Amino acid sequence: MAIITLTTDLGYKDFYQAALKGSILSQLPNANIVDISHDISAFNIPQAAFILRNAFHYFPKGTVHLIGIDSVFNEKTRYLALKYRDHYFVGSDNGIFSLLFEEEPSEIVELNIMQDLKYLHFPLSDIFPKAASHLAKGGKLKDIGLPVSGVEDRMSLQPVIERDIIRGSVIYIDSFQNIITNITKEIFTRVQLNRDFTLFFKRNESISQLSWHYNEVPEGEKLCLFGISNHLEIAINKGNASGLLGLHLGDIVRIEFQS
């Protein structure tokens, strides 16, 4: 069965989302359309990239991932379709692809599909569904675009690393209000070297022990762990960590390792 996933921002709710799905189904009636998220903050490319980067590999190879973030018409922006690890991605070349992939995609084309003038300013309702449906049917990239090399580069905010300190920041807050930082397990392990640590953040709060799961501490207690995304999370067992701890997107966290 053909699978097409959707990652869109808040603007594509209600009839906009219906128009998008209807456009796909009119071309591919048996498509299995899966919403990864339509709750991305408007134009928030890093947030969308984080969610899709951690979600796409759970789908079967051959899945088409349609991205509707900052996709309103812009004459300076290319519309691309790409193949990466046997998955297909369709979206605007606005920097999101550089945040999604760990290496270069195996194929990239700039879409040259004829656009319906009625949808001139909304390629997500016209060009993108046409491209996604073509690929989901087993069509080739070369049939819907011209080969190009490289994508628009967008720098992601990286932790600052010293011998005894890692300074990171909050990059995502999930639906449970768990706080996810840009400190990966690989970075943490490389700097820690089996040393004790203390994680500091707002309101003079600190945590000095890694947990394996959320229920490892009593209800209402804070903890930190490496979650499914392999990034360091700050959470409260059965609580709202972001609200109760006052941590928001972009806030700084600091880990100090004892020599």
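Check the entry above for the structure.
Anyway, here's the lowdown on the structure attached to this text. Only a predicted model underlies this, so the values are computations on that prediction, with no experimental measurement involved.

## Remarks on the pattern of salt bridges
- For the coordinates displayed, the defined rule picks out 16 salt bridges.
- Note that Lys-222 and Glu-205 form a salt bridge whose closest N and O atoms lie 3.2 Å from each other. With Lys-222 in strand E13 (residues 222-226) and Glu-205 in strand E12 (residues 205-207), this pair connects stretches of sequence that are 17 residues apart.
- Glu-205 sits in the partly exposed class, given a relative accessible area of 22%.
- A salt bridge links Glu-256 to Arg-254; the shortest N-O distance between them is 2.8 Å.
- Its relative accessible area of 28% is what places Arg-254 among the partly exposed residues.
- Ionic contacts of the salt-bridge type, sharing partners, join the residues Arg-53, Arg-85, Glu-102 and Glu-103 into one network.

## Topic: the environment of Ile-183
- Its location among the elements puts Ile-183 in strand E10 (residues 179-184).
- What Ile-183 contacts, discounting residues up to four positions off in sequence, is Pro-159, Ile-166, Gly-168, Phe-188, Phe-226, Asn-230, His-231, Leu-232, Val-253 and Ile-255.

## Some words on the side chain of Asp-251
- Here Asp-251 lies in the loop between helix H6 (241-245) and strand E15 (252-257).
- Overall, the relative accessible area of 16% leaves Asp-251 in the buried class.
- Polar side-chain contacts of Asp-251 include one of 3.3 Å to the side chain of Lys-202.
- If we skip the residues at most four places from it in the chain, Asp-251 touches Gly-168, Ser-169, Val-170, Lys-202 and Gly-246.

## Considerations on the environment of Phe-97
- Secondary-structure assignment places Phe-97 in helix H3 (residues 96-100).
- Taking C-alpha positions, Phe-97 is 10.0 Å from Ile-67, a pair spaced 30 residues apart along the chain.
- Discounting residues that sit within four places of it in the chain, Phe-97 has contacts with Ile-67, Leu-80, Leu-82, Phe-89, Val-90, Gly-91, Ser-92 and Val-151.

## Some points on the sheet that holds strand E2 (residues 32-40)
- On the basis of which strands lie adjacent, the open sheet formed by 7 strands has the order E2-E1-E3-E5-E4-E6-E7 and mixed pairing. The open sheet is flanked by E2 and strand E7 (145-147), the only strands paired with a single partner. For this sheet, the mean inter-axis angle between neighbouring strands, taken without regard to orientation, is 20°.
- With 3 bridges joining them, strand E3 (residues 64-68) and strand E5 (residues 87-92) adopt parallel strand pairing. Looking at the pairing, Leu-66 lines up with Val-90 of E5.
- The strands touched by helix H2 (residues 45-55) within the sheet are strand E1 (3-9), E2, E3 and E5, with E2 carrying the most contacts at an inclination of about 145°.

## So, the environment of Asp-39
- Note on placement: Asp-39 falls in strand E2.
- On the accessibility criterion, Asp-39 (43% relative accessible area) is partly exposed.
- Taking the C-alpha atoms as reference, Asp-39 lies 5.3 Å from Asp-9; in sequence the two are 30 residues apart.

## Structural notes on the packing of aromatic side chains
- Considering all chains together, one arrives at 10 aromatic pairs under this definition.
- An angle of 35° between the planes, with centres 5.2 Å apart, marks the rings of Phe-50 and Tyr-172 as tilted. You can see Phe-50 sitting in helix H2 and its partner Tyr-172 sitting in strand E9 (residues 165-173), a full 122 residues away along the chain. By the burial criterion, Phe-50 is buried, and Tyr-172 matches it.

## Points about the side chain of His-231
- You can see His-231 is positioned in strand E14 (residues 231-236).
- On the basis of relative accessible area, His-231 is assigned to the buried category, the value being 14%.
- Setting aside residues no more than four positions away along its own chain, His-231 makes contact with Phe-50, Ile-171, Ile-180, Thr-181, Asn-182, Ile-183, Thr-184, Leu-225 and Phe-226.

## What about H2?
- Counting buried residues along H2, 8 of its 11 residues qualify, which places the element largely inside the surrounding structure.
- When H2 is considered as a whole, its buried residues turn out to be Ile-45, Gln-47, Ala-48, Ala-49, Phe-50, Ile-51, Leu-52 and Ala-55.
- Between a side-chain oxygen at the N-terminus of H2 and the backbone nitrogen of Gln-47 the separation is 3.0 Å; the capping residue is Asn-44.

## Structural notes on the pairing of E1
- The buried fraction of E1 is high, at 7 of 7 residues.
- Alternating residues of E1 divide into Ile-3, Thr-5, Thr-7 and Asp-9 and Ile-4, Leu-6 and Thr-8, and every residue in both groups is buried.
- Bridge count between E1 and E2: 6 bridges; the pairing is parallel. Counted as the bridge partner of Ile-3 is Asn-32 from E2.
- Pairing between E1 and E3: 5 bridges, direction parallel. Across the sheet, Thr-8 pairs through a bridge with Gly-68, a residue of E3.

Rules and cut-offs
Residues numbered from 1 in each chain as written. Predicted model: local features only at pLDDT ≥ 70, side-chain atom pairs only at ≥ 80, totals over all residues. Heavy atoms only, no water. Salt bridge = Lys/Arg side-chain N within 4 Å of Asp/Glu carboxyl O. Helix = DSSP H or I, 4+ residues; strand = E, 2+ residues; numbered from the N terminus. Buried < 20%, exposed > 50% of the residue type's maximum accessible area, 1.4 Å probe, protein only. Contact = heavy atoms within 4.5 Å. Polar contact = N/O pair within 3.5 Å; in protein donor to acceptor, adjacent residues only side chain to side chain. Pairing = 2+ DSSP bridges. Axes fitted to C-alpha atoms, helices over the stretch in contact; angles between N-to-C directions. Phe/Tyr/Trp six-rings, centres within 6.5 Å; stacked < 30°, edge-to-face > 60°.

Read these as layout, nothing more, since geometry by itself doesn't imply function.
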